[in-house]
Amino acid sequence: MTPRTMLDKLWDSHEILTREDGASLLWVDRHFVHEGSHHAFAKIAERGMKVRHPELTFGVADHYVPTHGTAASPDIARMIRTLSENTARHGIELFGVGDPRQGIVHVSGPEQGVTLPGLLIVCGDSHTATHGALGAYSFGIGATEVAHVLATQTIWQNKPRRMRLAVEGELAPGVGAKDIALNWISLLGADGARGHAIEYTGSAVRGLSVEGRLTLCNLSIEGGARSGMVPPDEVTLAWIKGRPYAPSGAQWARACDSFLALAPDAGAEYDREATLDAAEIAPIVTWGTSPEEALPITGRVPDPARARTEAEAKRISDSLDYMGLKPGQSLTDTQVDQIFIGSCTNGRIEDLRSAAAVLRGRKAVVPGLISPGSAQIKQQAEAEGLDKIFTEAGLEWVDSGCSMCVGMNGDLVAAGKRCASTTNRNFRGRQGKGARTHLMSPAMAAAAAVTGHLTDARPLLEGRL
Amino acid sequence: MTGWTRIEGRATALPVENIDTDQLIPARFMSTPRSEGYGDFLLYDMRHGDDGQPDPEFALNRPEAKGARILITRRNFGAGSSREAAVYALVDAGIQVVIAPSFGDIFSSNAINNGLLPARLDAEVVEVLLAACAVDLTVDLESLMITGPGVSFAFELDPVWRQKLINGWDDIDLTLAHADEIAAFAEDRKERAPWVWPAPVQG
Ligand code: SF4
């Protein structure tokens, strides 16, 4: 048999049939819905259809969830209520507001063991690639496709091209998964992996914890890939074992064999390969309005006058304009107004620990919000005393949700204000109309809080890691 | 959704790279039911000045953009979120074709599901078209050609997507025709990987 990649194996085990024109009908093992799925529920209601497999569908309240107690507006409250009504009507399990399992869908799913290796997982959210960190084939879909999955538990897809992205060697202290991701996106472009499913590999990826792998896979979409995945190994198994919805008892051993068999065969061929040297990766921040506009913190903002094409020059000058930056200025000369630590990219316990390592015994000179990725992480952080470190530094410790990543719940950055943020999108207006977002790791956002400007976190971490 | 094979219409230029879904429709409009129409939300923050008034200088607000059915723009259009509302905003504003060197993948599938064509052309060709705007173009799905006064270019489109645009297929009906195969597959899946069906958790 021809050696198969991980994508090949996942694809083969979910392909029900292939149409004449080449499209495949795939079986969906897990479907996550959230408040934004209202369009899709409306579509199936219009046709008088039921959810085909409610037992394989999970609802999570996250995008509009209040982080400060009560919903900021009646519209926001209605979005949360609509999700509860839709899931109740169709018999779908909901991790809703106030439930100890609530959190951001890409944090709660893995945490509860709802996400498992070998599953095909979809959700009406582009960061669904996150679940690939555990060895699932997962990708984001739009509302029409969500309605289709609700009605049939299947999805039509064209097979993506296979891409292998290896990160070899050892990461320097203070450098993590977020830096790997922004690094490759800045090198290949925000559309660099378009049409591909990425298999992350190499010693630096194997050396990442599951939390780090989740961050890495989460950002796949920012480089244009719809999905990213890491082959399951002993680290994966140890992380999953004992989680509420994970297999147990006699089934566990059988499941483990099947999980480990997902690793690509020796000699499997890829349509595209790229390799990064881990030792060369420095802490990185974005300076512009696309995740590809990122540079090591030691760098300087680019100059449109030195661009290769007119289109590129226009893009750079538009971005600098929006961001209020001068060509050639040092990144570290950039003052920030506030910070945000959280989101499905960097709201996990390790992220909070790394921010706390910088903040311990220090004071923030700008305001900031820290929102854990799930209610369970909130509890764990509090048990470890991290919340005290944050509040003593002068930062706000709030409930879990998407919060300032997208501002749907009312947690917004004001127009013209600059935010050092651990989220995944520095798009114009993402954190609020006119808001200026710099993406970075949790340690770097914490460092910016302490100094009031974009800052290399490494000196602040010395002796603390 | 009704299918189409040929569109003739006014093309308008938006010479900007990386127009992402958050710009196509800012998040604050997304709780609106579709029946209310999304056209006014399209590129809302780009189209309006700080005072909330439409910016007369912005490409889509200029008189020559009126009634445009084709939008020509630069690379990485529609990157970002899976929000199908970004496509609703374009379609409800009357746009049926977007021409660019590259598109966000999820945006493209959403577009096809709503009868909107994401037509991919090389960056150099896109620059030629941008320079010629506003211009009347014909987009043909049979020949995969875009033609205008004195110009004619072939564009790329996945054959599956082409068929879907032409036929205006509704996937749900198409899929339900395979109900037996799907049910058999589900049984087999249950046998091979029983953990896919999670046991109810004891609370
Ligand atoms: S945290 Fe941000 S990126 Fe993640 S699911 Fe929520 S809105 Fe999307």
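Just so it is clear, the structure is predicted and the values come from calculations on it, not from any experiment.

Quick look at the overall build of chain A
Moving on, step 1. A count of helices and strands for chain A gives 17 helices and 19 strands.
Moving on, step 2. A compact globule built from 465 residues would reach a C-alpha radius of gyration of about 23 Å, and chain A, at 21 Å, matches this within 12%.
Moving on, step 3. A burial count over chain A gives 65% of its 465 residues as buried.
Moving on, step 4. Look at the contacts in chain A between residues 6 or more apart in sequence, and 76% of them connect residues 24 or more apart.

A short note on the overall build of chain B
Moving on, step 1. Secondary structure summary: chain B contains eight helices and seven strands in total.
Moving on, step 2. Projecting the C-alpha coordinates of chain B onto the three principal axes gives extents of approximately 60 × 45 × 30 Å.
Moving on, step 3. When each of the 203 residues of chain B is scored for burial, the buried share is 58%.
Moving on, step 4. At a minimum sequence separation of 6, the contacts of chain B that also span at least 24 residues come to 65%.
Moving on, step 5. Accessible surface computed for chain B: about 8,400 Å², of which carbon and sulfur atoms make up 50%.
Moving on, step 6. In chain B, which carries 17 positive and 31 negative side-chain charges, the distance between the mean positions of the two groups comes to 1 Å.

Remarks on empty space enclosed by the protein
The gaps left among the atoms become clear once a water-sized probe is rolled over them.
Moving on, step 1. Under the definition given, this model contains four cavities of 30 Å³ or more.
Moving on, step 2. Counted as a void, the largest cavity has a volume near 440 Å³.
Moving on, step 3. Around the largest cavity sit 33 residues that line it, and A:H34, A:H63, A:G124, A:D125 and B:S82 are the ones nearest its centre.
Moving on, step 4. Grouping the constituent residues of the lining of the largest cavity by class yields 14 nonpolar, 14 polar and five charged.
Moving on, step 5. Lining the lining of the largest cavity are residues from two domains, each supplying at least three of them: domain 1 (6–272) and domain 2 (284–461) of chain A.

What to know about the site of the ligand
Residues and elements named next belong to chain A.
Moving on, step 1. Close to the ligand lie H63, I104, H106, D125, H127, S343, C344, C402, C405, V406, N424 and R430.
Moving on, step 2. When atom positions are compared with the pocket grids, the ligand is found to occupy the largest cavity.
Moving on, step 3. When its residues are assigned to classes, the shell around the ligand shows five nonpolar, five polar and two charged.
Moving on, step 4. Lining the shell around the ligand are residues from two domains, each supplying at least three of them: domain 1 (6–272) and domain 2 (284–461).

Quick notes on the confidence of the model for chain B
Moving on, step 1. Confidence in the prediction of chain B, expressed as mean pLDDT, is 93, and 98% of residues score 70 or more.
Moving on, step 2. For this predicted complex, the interface confidence comes out at an ipTM of 0.94, alongside a pTM of 0.96.

Considerations on the sheet that holds strand β7 (residues 137–140) of chain A
Hydrogen bonds between backbone groups are what pair the strands of a sheet, and the pairing can be parallel or antiparallel.
Residue and element names in this part refer to chain A.
Moving on, step 1. Spatially, β5-β4-β3-β6-β7 is the arrangement adopted by the five strands of the open sheet, whose pairing is parallel. Two strands lie at the open edges of the sheet, namely β5 (93–95) and β7, each paired on one side alone. The sheet shows a mean angle of 20 degrees between the axes of neighbouring strands, taken without regard to direction.
Moving on, step 2. For strand β6 (residues 120–123) and β7, the ladder comprises four bridges, and the chain directions are parallel. Bridging across to β7, L120 finds its partner in Y137.

Looking at the interface of chain A and chain B
Moving on, step 1. Counting residues at the interface gives 74 residues for chain A, matched by 64 residues for chain B.
Moving on, step 2. Between chain A and chain B, a total of about 5,400 Å² is buried, with carbon and sulfur atoms accounting for 56% of that surface.
Moving on, step 3. The largest contributions to the chain A side of the interface with chain B come from A:R47, A:R194 and A:K433, which together make up 10% of the buried area.
Moving on, step 4. Inspection of the region where chain A meets chain B yields six salt bridges.
Moving on, step 5. Between B:R189 and A:D29 there is a salt bridge, with the nearest N and O atoms lying 2.9 Å from each other.
Moving on, step 6. Joining chain A to chain B, the criterion identifies 28 residue pairs in polar contact (both at pLDDT 80 or more).
Moving on, step 7. Among the elements of the structure, β1 (15–18), β2 (24–27), α2 (38–46), α3 (74–90), α5 (143–152), β8 (154–157), α10 (250–260) and α11 (310–323) of chain A are those that each provide at least two residues to the side of chain A that touches chain B.
Moving on, step 8. Ranked by the residues each element gives to the side of chain A that touches chain B, the list is headed by α5(A), at seven residues.

A word on helix α14 (residues 375–383) of chain A
All names here are of chain A.
Moving on, step 1. By the burial criterion, the buried members of α14 are I377, K378 and A381. Buried residues in α14, looked at end-on, bunch into an arc of 105 degrees, giving them a common side. Opposite the packed face of α14, turned more than 90 degrees from it, sit the exposed residues Q379 and A383.
Moving on, step 2. Positive phi shows up at G385, right after α14, with a value of about 80 degrees.

Observations regarding the pattern of salt bridges
All names here are of chain A.
Moving on, step 1. This model, assessed by the stated rule, comprises 41 salt bridges over all chains.
Moving on, step 2. For D12, the salt bridge is made with R4, and the minimal N-O distance between the two is 2.8 Å.
Moving on, step 3. R226 serves as the salt-bridge partner of E145, at 3.7 Å between the closest nitrogen and oxygen. Placement of E145 in helix α5 and of R226 in the loop between α8 (210–218) and β11 (227–229) is noted, with a sequence separation of 81 residues between them.

Concerning the nonpolar core
Moving on, step 1. Counting 86 residues, the largest nonpolar core has A:L352, A:L359, A:F390, B:L24, B:F77, B:L90 and B:F107 as its most contacted members.
Moving on, step 2. Built from parts of two domains, this core gets at least three residues from each of domain 1 (6–272) and domain 2 (284–461) of chain A.
Moving on, step 3. Those residues in contact with A:L359 that lie beyond four places of it in its chain are A:I370, A:I389, A:F390, A:A393, A:L395, A:A446, A:V450 and A:R464.
Moving on, step 4. Core analysis: the next-biggest nonpolar cluster, separate from the first, contains 62 residues, A:F95, A:A193, A:V210 and A:A255 among them.

Points about the packing of aromatic side chains
Here a ring pair, both rings aromatic, is described through the centre-centre distance and the interplanar angle of the planes.
All names here are of chain B.
Moving on, step 1. Summed over all chains, the structure comprises 17 aromatic pairs over all chains.
Moving on, step 2. Ring centres 5.8 Å apart and planes at 85 degrees place the aromatic pair Y38 and Y88 in the edge-to-face group. Here Y88 lies in helix α3 (residues 85–92) and Y38 lies in the loop between α1 (21–24) and α2 (44–47), a separation of 50 residues in the sequence. As far as the burial class goes, Y38 and Y88 line up, both buried.

Some words on the packing of helix α4 (residues 105–113) of chain B against helix α6 (residues 159–167) of chain B
Residue and element names in this part refer to chain B.
Moving on, step 1. The N-to-C vectors of α4 and α6 enclose an angle of 30 degrees; their axes lie 9 Å apart at closest approach. By the angle class used here, α4 and α6 are roughly parallel. Taking contact as the criterion, the partners of S108, S109, I112 and N113 in α4 are, on α6, W161, K164 and L165.

A word on the sheet that holds strand β17 (residues 396–397) of chain A
Residue and element names in this part refer to chain A.
Moving on, step 1. Strand order in the open sheet made by the five strands is β17-β16-β15-β18-β19, with parallel pairing throughout. Either end of the sheet is taken by a strand with one partner, and the two such strands are β17 and β19 (436–439).
Moving on, step 2. With two bridges joining them, strand β16 (residues 368–370) and β17 adopt parallel strand pairing. Directly across from I370, in β17, lies its bridge partner W397.
Moving on, step 3. Most of the contacts of helix α16 (residues 442–451) go to strand β15 (residues 338–341), to which it runs at about 155 degrees, and overall it touches β15 and β18 (418–421).

What counts as what
- Residues numbered from 1 in each chain as written.
- Chains lettered and ligands numbered in written order.
- Predicted model: local features only at pLDDT ≥ 70, side-chain atom pairs only at ≥ 80, totals over all residues.
- Heavy atoms only, no water.
- Helix = DSSP H or I, 4+ residues; strand = E, 2+ residues; numbered from the N terminus.
- Rg over C-alpha atoms; globule rule 2.2 N^0.38 Å.
- Buried < 20%, exposed > 50% of the residue type's maximum accessible area, 1.4 Å probe, protein only.
- Contact = heavy atoms within 4.5 Å.
- Areas by Shrake-Rupley, 256 points an atom, 1.4 Å probe, with all protein chains shown as cover.
- Lys, Arg positive; Asp, Glu negative; His and termini not counted.
- Charge placed at Lys NZ, Arg CZ, Asp CG, Glu CD.
- 1 Å grid on protein atoms, 1.4 Å probe; cavity = no way out; pocket = protein on both sides within 12 Å on 5 of 7 lines; lining within 4 Å.
- Points joined across faces, edges and corners; volume = space filled by probe spheres on them.
- Nonpolar A, V, L, I, M, F, W, Y, C, P; charged D, E, K, R; others polar.
- Domains from an automatic or database assignment.
- Near = heavy atom within 4 Å.
- Sits in = over half its atoms within 2 Å of the grid points.
- pLDDT = per-residue confidence, 0-100.
- Pairing = 2+ DSSP bridges.
- Axes fitted to C-alpha atoms, helices over the stretch in contact; angles between N-to-C directions.
- Buried area = accessible area lost by both parts, 1.4 Å probe.
- Salt bridge = Lys/Arg side-chain N within 4 Å of Asp/Glu carboxyl O.
- Polar contact = N/O pair within 3.5 Å; in protein donor to acceptor, adjacent residues only side chain to side chain.
- Arc of directions from axis to C-beta.
- Core = buried A, V, L, I, M, F, W, Y, C linked by side-chain atoms within 4.5 Å.
- Phe/Tyr/Trp six-rings, centres within 6.5 Å; stacked < 30°, edge-to-face > 60°.
- Parallel < 35°, antiparallel > 145°, perpendicular 65-115°, else oblique.

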